[in-house]
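Per-entry structural report
Residues per chain are reported as follows:
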Amino acid sequence: MGRRLRRVSGEIARFSAVNVVATIIALIIFNLLVHGVKGWFDGPGHDRPLTVYLIANSVGMFVSYYGSRYYAFRHRHAAGPGGGLLIYVVINLTSFVIPISCLWISRNVFEWSSIYADNIAGNVVGAILGNIFRFYFFRRFVFTKHPTGVRPKQVPAEPQA
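1. Brief notes about the confidence of the model for the protein
The pLDDT averaged across the protein works out to 85; a share of 90% of its residues lies at or above 70. Within the protein, no element has a lower average pLDDT than strand S1 (residues 77-78), which sits at 86, and none a higher one than helix H4 (residues 97-109), at 91.

2. Some details on the side chain of Asn31
Mapped onto the elements of the fold, Asn31 is located in helix H1 (residues 3-34). Under the relative-accessibility criterion, Asn31 is labelled buried at 14%. Sequence-distant contacts of Asn31, that is, excluding residues within four places in its chain, are made with Gly36, Ile115 and Asn119.

3. Some remarks on the pattern of salt bridges
Under the counting rule described, the total for this entry stands at three salt bridges. Across the salt bridge formed by Glu11 and Arg139, the nearest N and O atoms sit 2.4 Å from each other. Here Glu11 is found in helix H1, whereas its partner Arg139 is found in helix H5 (residues 115-142), with 128 residues between them in sequence. The residues Glu11 and Arg139 share a single accessibility class, namely buried. The partner of Asp118 in a salt bridge is Arg107, and the shortest N-O contact between them spans 2.6 Å. With Asp118 in helix H5 and Arg107 in helix H4, the pair connects residues that are 11 residues apart, well separated along the chain. Taking relative accessible area as the criterion, Asp118 reaches 0% and is therefore assigned buried. Judged by relative accessible area, which is 17%, Arg107 ranks as buried. Because the salt bridges share partners, they merge into one network encompassing Glu11, Arg76 and Arg139.

4. Notes on H5
The first and last C-alpha atoms of H5 sit only 34 Å apart over 28 residues, clearly below the 40 Å expected at 1.5 Å per residue. Within H5, the axis deviates most sharply at Ala127, by approximately 40°.

How each quantity is defined
Residues numbered from 1 in each chain as written. Predicted model: local features only at pLDDT ≥ 70, side-chain atom pairs only at ≥ 80, totals over all residues. Heavy atoms only, no water. pLDDT = per-residue confidence, 0-100. Helix = DSSP H or I, 4+ residues; strand = E, 2+ residues; numbered from the N terminus. Buried < 20%, exposed > 50% of the residue type's maximum accessible area, 1.4 Å probe, protein only. Contact = heavy atoms within 4.5 Å. Salt bridge = Lys/Arg side-chain N within 4 Å of Asp/Glu carboxyl O. Expected span 1.5 Å × (residues − 1). Bend = angle between axes of the 7 residues up to and from the residue.

In structure tokens:
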């Protein structure tokens with residue numbers, strides 16, 4: 001395996017581990033607020049799953065940022081204000097369209113509102129697609145190889161006489 005492939009696969013593995021932790025946290029918050037705990041309390045946000053999804057995943061987003069910054073991409077430069085946090089938040093919020101669309105389709109097109117349908121749509125299908133999107137954009141715009149986020153221009157060597 002080439003050096004570059006080992007480096008990228010290591011980043012993918014670390015990024016995935018961070019996202020598993022952030023997703024579990026968001027999943028717990030989402031399910032407690034939307035579906036509650038059977039026999040104890042009903043979910044106060046059952047009629048507002050998209051709003052609750054945004055809230056739960058916003059908490060997960062900050063967990064993910066710190067994990068990505070200090071573990072997954074620790075060897076890369078964090079570009080932008082706040083160690084890349086501002087750009088990170090913008091990319092995360094943009095990527096929320098993916099799982100929210102999956103959840104919306106499940107709820108409004110197929111009319112599925114069970115705990116299983118919500119979790120498969122938003123937290124499995126949507127999360128996988130969203131993670132692919134975020135990995136590329138985080139690596140490209142937030143955690144860059146070079147401090148400016150762009151590669152230095154290659155100056156052609158002068159011909160020798």
